[in-house]
Amino acid sequence: MSSAEAWKIWLLVLGQGVLLLTKEASATAVSFDATDLEADTSMVEVVEGYNASLPCSIRSPPTNDVPALTLWYIGDQETPVYSYDQREPRRSFSWADETVLGGGRARYLPLEHPPVLMLTNVSTEDQKTFRCRVDYHKSNSRQAWVRLIVIVPPSGIEIIPQSSPVKIGQRNDVVCRVTGGSPLATVEWLQEGRVVDVNSTPGDDGSFVYNSLEVAATRGDLTRPFTCKASNNKFTTPLISSYTRNVTCGPLSVKIVPEENPLVAGRSSKLVCTVFGSNPPPLVTWYQQGQEITTLHTQVHVSENMTVSSLLLKISRHHHAKQMVCRAEHPTLPLSTIEDIFTMDVLYKPKVTLSLGRSLNAKNLREGNDIFFECQVDANPPPYKVSWLHQNEEILGNLSAGILVSESTLALQRVHRQRSGEYVCLASNVEGDSRSNVLNVRIKYAPRCVVSPSLRGVALTERTNITCAVDADPANVTFTWTFNNSVRRDQSQVVTSDRYSQEGLKSVLVYTPVTEREYGTLFCFATNEVGSQIEPCSFTIISAGPPEEVSNCTTSNITSHSAGIHCLQGFDGGLPQRFLLQVWEMETNELVLNLSNALPSFYVKPLEAGHTYSAKVTAYNSRGLSPPSRVIILTLEKAEMHKSLPSMVPLVSSVFIIGVSVGIILIVGALFLTALWCVKKRENRAHSDSAFSQIVLKDNNPDLISVETSEGETQAQGSESLEGMVSYTQSGNTQEISSYQRYDEQDTSLYGAFSSETTRTTAPSGSKSRIREDKSFTGGGGGGEGRGGGGIGGDRGGKRESLKDTRGRGARKKEEIGEEEEDLSLLYVESGSRGDLLQSEGALDSRRHTKVRLYRRGKSPDALL
């Protein structure tokens, strides 16, 4: 145990001992006569909330002894409420009754002369007679009495005029009333700092005191106000209130003039009433529509023979067309009373009140009924526009839609539930726009299904919960479930209520198919007070199975290290499905990524620059896997990343303006380059005797290949790979050949094999011929859209078809070309900014715009660039 804890325990034991000692001392104390000691009682006055010092004034204390214990009692009670122990020479201890002197408010000061008990924050509950008893070491005990009087200051002062104006010599025309205080306050009237009336009288119930001014009225009272002062102690500031007597005589003229004209609602304005000829100044009174306006809103200025009264008003729409009256009168000369009348013209913005038609019941508006609204407008000047809002959107008249709008009414025919909501009426004039109160309209309607028809895959004897949710107003609906299948096409089976539950607008059916005949369609109907649900919620229960294969897989945002893959999901087999993505590096056949997601969209990273990857997307659920869908990803080289354009550009105004400017410049430049290219092309055709075919492959559509040939060329097919891609027919004019390829995603080969059903149409010599070929291409890694799709520029991992084989097959079929000495089996590829000749193992790159040229054997490729 620490020393601090031991000290606390010792103090507690000591305090208990002091208390026991105190009680014993009280029990053995001699009796005393309190009546005899009242004459020696000290009086202490203190204001409520202040601190009080209660002296322990012991008469004739012993000269050769010191106090050992000081006890404080309430009156003649025998139990002390405070003790101060001085028996230890170097230590003293105090104790206080928390129920009487709680909160640490009591503190004994033994070194004062006489010693005092200090009480802080005194309240009226402390107003008692205290008894101080001092026990000495050797001498007998002494005691003293102290009476504590707590003073409560007065709480309010009020000037109550009894009559105004007053005649000269009139008395008791005003009363000063003071409430609260203990004891009651003294109320005095002063004028110019001199006390003129001290006759205050307590009220009947003792809760207030008043003083009626008995000083006779004089003309000087107009400029010398009276002051009422109330106080019941010398410690707090007295309550003060002033009053000026209104001693008047008959006026000669009165006139009201507004400071501003016209008057505008919402602004403060003064009406000035000027009275001449009255001495002393007259009693000027303002009236509005016969009702007197209190003097709190008026100011009176007196100058010689003129009295000016200004009425300050906060102008509102209620003042419009109201009459203001300024009246000057003398009570003893009633015939001399005169007045002026001013009719106020106030401009104010509309006040709009919206309500339903009187014949309508707002609690029983139903779908299909007609409703109408009334818009009441109070405005000066009248409004020039009235409009209607529903859910903060303006309502325009539309007769065909059943919306009839007029200046003060809105009619809605054959309303539907979408017409529920908040309605507001707007009115506008030159002073501003105003909105009406918000009228909340509730259109009741029969239940409607809020869940889409769904397929639910459930195995035999498998239990499943089917939730039916509807929207209805009112929401107290009842549900009914029915079942139908191919056996019961004409008759539905009602599901017993013990198989489903209901909570609000939802019902949950627990369904377990036991036989094959229990596969079918469940229907859910709901009914409320408006009617029954027309279209039920339907749930088709089927035998659960694996999900369908995803479709339309495309790549996007391909960079040197990442790519995006997005597919369309198929039917989930009646069960929740997820999607698995697996990515292989095609050269090493290494699995580099294995991801799953709730949606068939993936962000593939990290990847290596300039590599070819094969990706497979598979859907799966608890019943199994779907067939995979394959995608080829061809990442960019790092150098190409700096040259490639971003896939998405934020469309901001500054970029748009710059883009338009640059676009105009590029269009002009493109036109110039096109003209220059045409001239160049003609020169090339004039100097070249070799025919060539040009194939342009684009990233965004690798399935479409356009071929352009020049005059004098014969039809040729260079290889199996070029079959279905390049074919042309000899003719005297330029021919255009288009080939469309279909890919079968089930083959893992990037190029696979072509199965061709080709229909060629050869035009006569001297005319143009077009050939379209529909090819079925097996393989290609899945997909022909986007970067990394199948087609010509795909696989680098050994599954590509080399150009060497292409040239070989072209040589074997040169007889089909129609040229005896020329062979078109060599393929020249111009890729990117370099004129690279792809050798026997070269492959087309689908990431770039690639030019492919066929040239005759023995001719230099450079001669054809």
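It should be emphasised that the depicted structure is a prediction, and the values quoted were computed from it without experimental measurement. (Residues numbered from 1 in each chain as written. Predicted model: local features only at pLDDT ≥ 70, side-chain atom pairs only at ≥ 80, totals over all residues. Heavy atoms only, no water.)

Digging into the overall build of the chain
Per the secondary structure count, the chain includes six helices and 60 strands. In the chain, 64% of the contacts between residues at least 6 apart in sequence involve partners at least 24 apart. Carbon and sulfur atoms make up 51% of the accessible area of the chain, which totals about 47,400 Å². (Helix = DSSP H or I, 4+ residues; strand = E, 2+ residues; numbered from the N terminus. Contact = heavy atoms within 4.5 Å. Areas by Shrake-Rupley, 256 points an atom, 1.4 Å probe, with all protein chains shown as cover.)

Description of the pairing of strand β29 (residues 371-380)
Looking down a regular strand, the side chains alternate between one sheet face and the other. Where strand β27 (residues 346-356) meets β29, seven bridges bridge the pair, whose relative direction is antiparallel. The residue of β29 that forms the bridge with L354 is C375. In terms of strand pairing, β29 meets strand β33 (residues 409-412) through four bridges, oriented antiparallel. Each residue of the ladder has a partner; that of E374, found in β33, is T409. (Pairing = 2+ DSSP bridges.)

Here we look at the nonpolar core
Membership of the largest hydrophobic core comes to 25 residues, with the highest contact counts inside it found for L54, W72, Y82, L117, L119 and L148. Not counting residues within four places of it along the chain, the set of residues in contact with L119 comprises Y50, N51, A52, L54, L101, R105, A106, F130 and L148. (Core = buried A, V, L, I, M, F, W, Y, C linked by side-chain atoms within 4.5 Å. Buried < 20%, exposed > 50% of the residue type's maximum accessible area, 1.4 Å probe, protein only.)

Some words on the packing of aromatic side chains
Under the defined criterion, the tally for this structure stands at eight aromatic pairs. With 6.4 Å between their ring centres and 85° between their planes, W189 and F226 make a pair best called edge-to-face. Within this pair, whereas W189 is found in strand β12 (residues 186-191), its partner F226 is found in strand β16 (residues 226-231), the two being separated by 37 residues in sequence. The exposure class of W189 is buried, given its relative accessible area of 0%. By way of ring pairs, the aromatic residues F373, W388 and Y423 are connected into one cluster. (Phe/Tyr/Trp six-rings, centres within 6.5 Å; stacked < 30°, edge-to-face > 60°.)

Section: the state of the cysteines
Each disulfide is one covalent bond, formed between the sulfur atoms of two cysteines. Applying the stated criterion across every chain yields a total of seven disulfides. Covalently, C56 is tied to C132 through a disulfide, its sulfur atoms 1.8 Å apart. Taking the torsion about the S-S bond as the criterion, the C56 to C132 disulfide, at about -70°, is left-handed. Taken together, the residues C56 in the loop between β2 (52-55) and β3 (67-74) and C132 in strand β8 (residues 129-136) connect sequence positions 76 residues apart. Looking at C56, the relative accessible area reads 3%, which means it is buried. You can call C132 buried: its relative accessible area is 0%. (Disulfide = S-S within 2.5 Å.)

A short note on the environment of N64
The residue N64 is located in the loop between β2 and β3 in this model. Between the C-alpha atom of N64 and that of S139, which follows or precedes it by 75 residues, the distance is 8.8 Å.

Notes on the sheet that holds strand β47 (residues 563-568)
Strand order in this open sheet of three strands is β46-β47-β50, and the pairing throughout is antiparallel. The strands lining the two open edges of the sheet, one partner per strand, are β46 (551-556) and β50 (601-604). Strand-to-strand twist of the sheet, defined as the mean angle between neighbouring strand axes without regard to direction, takes the value 15°. Pairing geometry for β46 and β47, over four bridges, is antiparallel. Bridging from a neighbouring strand, T555 pairs with I565 of β47. (Axes fitted to C-alpha atoms, helices over the stretch in contact; angles between N-to-C directions.)

Some points on the pattern of salt bridges
Taken as a whole, this structure holds 14 salt bridges when the rule is applied. Linking E339 and R327 is a salt bridge whose minimum nitrogen-to-oxygen distance equals 2.7 Å. Placement of E339 in strand β26 (residues 333-343) and of R327 in strand β25 (residues 323-330) is noted, with a sequence separation of 12 residues between them. Since its relative accessible area comes to 38%, E339 is described here as partly exposed. Here K444 ties to E529 by a salt bridge, and the two come within 3.2 Å at their closest N and O atoms. You can see K444 sitting in strand β37 (residues 443-449) and its partner E529 sitting in the loop between β44 (521-527) and β45 (537-542), a full 85 residues away along the chain. (Salt bridge = Lys/Arg side-chain N within 4 Å of Asp/Glu carboxyl O.)

Comments concerning unusual backbone geometry
Residue P114 is reached from H113 by a cis peptide bond, and omega for that bond is -5°. Inspection of the secondary structure puts P114 in the loop between β6 (106-109) and β7 (116-119). For the bond from K605 to P606, the omega torsion is 0°, close enough to zero to count as cis. Here P606 is to be found in the loop between β50 and β51 (612-621).

Remarks on a nonpolar patch on the surface
Taken together, the side chains of I658, V662 and L666 make up a nonpolar region of the molecular surface, amounting to roughly 290 Å² of accessible area. If you trace the backbone, I658 turns up in helix α5 (residues 653-687). On the accessibility criterion, I658 (53% relative accessible area) is exposed. (Patch = residues over 30% accessible without salt bridge, like charges linked within 9 Å, V, L, I, M, F, W, Y side chains within 5 Å.)

Topic: the side chain of R133
For R133, the position within the fold is in strand β8. Engagement of the side chain of R133 in a polar contact is seen with the side chain of D135, the distance being 3.0 Å. (Polar contact = N/O pair within 3.5 Å; in protein donor to acceptor, adjacent residues only side chain to side chain.)

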